[in-house]
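Fold and contact review
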Amino acid sequence: MHRREIYRVGIFLLFLLCAFPAAAQEKMSYADADQQTYALYLKKDWAGIDKAGHKALAEGIDFYYLRLRMGMAYYYRRNFFLAEHHLIHALGFSSGDPVSLELLYWCYVFEGKYEEARALSKSFTPELAKQIGSDTLHKLGFVMLEGGSKSSDSSRLYQSSYYFQAGLGHFVNNRFSLFHAATISNETDLVGGTTQLQYYLKASIPIKYTWSLMPAIQLITRNFTPTPGPPPPWHPTMGHPFPPPPPPRPLPIRSNYAVGSMMVRKTIGTFDIAIGTTISNIDSNGQINHSLALTWYPLGNTRLSASCTGYLYTSDKYQNSNTAFNPSITVCPWKRLAFTIAYLNCKGSNLVESDGYIVNNRPDPTRMRWSYLASLTLSKHVAIYGLYQIEDKQEYTKQFTYHYNLIVAGLKFNP
């Protein structure tokens, strides 16, 4: 046989081998999808439901029981984020279904989306609310107290610091939540002492399935007291036998600032995406800050997450722009214990972080920071946490690098 004919026969046989399995595969019908997923549901074969459900969706088959069973399959495998996705679709077919509502409610709780859970509970019947316990939820979400101190390896610049904060979160008619935080901090260096008072208010508002709106504001009062200068040189003379009185202590210099922020969050599968803008008038030029945050839950729950926030910000109305990025990883090896490691790399001036929650009261910019956070739930109502940070600072005028060490301990109470 001629070589060219051999090639043609070989290509034809290869085509037949590829085409026959595809031709032999029957297209799934609505009845097939319903019967298969129902039989798998009776056997609690959650992985089988997942496979059959995706095959049906790929062929354009979509209905209430298919989405409910797929939601249950993910829920019972503790993949709450993907369960949420399918349960929302199930409610699109039957908005008042109590099974879908109950499962979606617990998905939100296990994801830490308490605002979404409470907003969803407003659509419950009295019987379902009593069954779940959402009719007796406390309006107070939590109370927290924390304090810490900073130390530096540059004693000629920096001498001492302390920090205290009291905060609480509460819910307003199960529609949204508010977080309040009052902070006092003090720093002393060779130039003077700075006392800063802060009040932070943030709202978390579910506006639609998978969408949330989070506005925030922070008011800051800063009192700077310069260190008194040395007394003028004096030598006793006939006319001035006694030294002059010391110069009067300088009066505090008070400054008031404000920070405003707005963030929108969207959940897509196992990802949370948040876009925000923060505007502040701190110091001479203020700051306009845009952020984009992406959080991935690879297991479909909060036992493991990886996040990264990127910042683009300016202090001179976009004549110059700076960037920063802040990746982090959170691991929960045990349901009562969580660890978070975070890194910050910053190219420009001091950054207003976390929707205006974190501000800096020193002119020296942070170039790099490592953070280590551990939290432990002691009981149903009490948790403790500790934070250690080490950061590289750049002196504002002479541009040399020094280091800060921050240690914070906190207590959180849930009613």
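Structure: see above.
Being a predicted model, the structure only gives us computed values, none of them experimental. Every chain's residues receive numbers from 1 upward, in the order its sequence appears when written. In keeping with the predicted nature of the model, local features appear solely for residues at pLDDT of at least 70, side-chain atom pairs appear and are counted solely at 80 or more, and the whole-chain, interface and lining totals rest on all residues. Just so you know, side-chain values use all the structure's heavy atoms and leave hydrogens and water out.

Let's shift gears to the overall build of the chain. A count of helices and strands for the chain gives 8 helices and 14 strands. A 1.4 Å probe rolled over the protein chains alone gives each residue an accessible area, and that area as a share of the maximum for its type sets the label: buried under 20%, exposed over 50%, partly exposed in between. Residue burial in the chain is summarised as follows: out of 415 residues, 40% are buried. Residue pairs at least 24 apart in sequence account for 53% of intrachain contacts in the chain once pairs closer than 6 positions are excluded. We get accessible surface area from the Shrake-Rupley algorithm with a probe of 1.4 Å; when it comes to residues, only the shown protein chains can shield them. Surface exposure of the chain reaches about 23,500 Å², of which carbon and sulfur atoms provide 63%. For helices the rule is a DSSP run of H or I covering at least 4 residues; for strands it is a run of E covering at least 2, with both sets numbered from the N terminus onward. Any two residues whose heavy atoms approach within 4.5 Å at even a single point are treated as in contact.

This paragraph deals with the packing of helix 4 (residues 64-75) against helix 5 (residues 80-93). Between N-to-C directions, angles cover 0 to 180 degrees, with each direction set by a line fitted to C-alpha atoms, over the stretch in contact for helices. Running from amino to carboxyl end, helix 4 crosses helix 5 at an angle of 160°, the nearest separation of the two axes being 8 Å. Classified by the angle between their axes, helix 4 and helix 5 sit roughly antiparallel to one another. Read as a crossing pair, helix 4 and helix 5 show a hand that is left-handed. Contacts from Y64, R67, L68, M70, G71, Y74 and Y75 in helix 4 reach F80, L82, A83, H85, H86, L87, H89, A90 and F93 in helix 5. For this classification, under 35 degrees means roughly parallel, over 145 means roughly antiparallel, 65 to 115 means roughly perpendicular, and everything else is oblique. Handedness of a helix crossing follows the sense of rotation of the near helix relative to the far helix, less than a right angle counterclockwise being left-handed and clockwise being right-handed.

A few words now on empty space enclosed by the protein. Definitions used for this entry: grid spacing 1 Å over protein atoms alone; cavity, a set of points where a 1.4 Å probe fits but cannot get out; pocket, an open set with protein on both sides within 12 Å along at least 5 of 7 lines; lining residue, one with an atom within 4 Å of a point. Grid points are joined across faces, edges and corners, and a volume is the space filled by probe spheres set on the points. With the rule as written, the count across this model stands at 2 cavities of 30 Å³ or more. Its volume calculated, the largest cavity comes out at about 60 Å³. Lining the largest cavity are E84, Y108, K113, E116, K208, T210, W211, S212, R265, K266 and T267. Looking at the lining of the largest cavity, the elements with two or more residues in it are strand 5 (211-226) and strand 6 (253-268). Looking at the lining of the largest cavity, the element that brings in the most residues is strand 6, giving 3 residues. Residue classes in the lining of the largest cavity are distributed as 2 nonpolar, 3 polar and 6 charged. Quantified by volume, the second largest cavity comes out at close to 40 Å³. Elements that contribute at least two residues to the lining of the second largest cavity include exactly strand 7 (271-280) and strand 8 (287-296). Along the lines of polarity and charge, the residues of the lining of the second largest cavity split into 2 nonpolar, 6 polar and 2 charged. Under the grouping applied here, Gly and all other residues not named as nonpolar or charged are polar, the nonpolar ones being Ala, Val, Leu, Ile, Met, Phe, Trp, Tyr, Cys and Pro and the charged ones Asp, Glu, Lys and Arg.

Bringing the pattern of salt bridges into the picture now. Any Lys or Arg side-chain nitrogen found within 4 Å of a carboxyl oxygen on Asp or Glu counts as a salt bridge. Evaluated as defined, the whole model comprises 9 salt bridges. A salt bridge links R69 to D34, with the nearest nitrogen and oxygen atoms 2.8 Å apart. Here D34 lies in helix 2 (residues 30-42) and R69 lies in helix 4, a separation of 35 residues in the sequence. A relative accessible area of 25% places D34 in the partly exposed class.

Take it as geometry only, folks, not as evidence of what the structure does.
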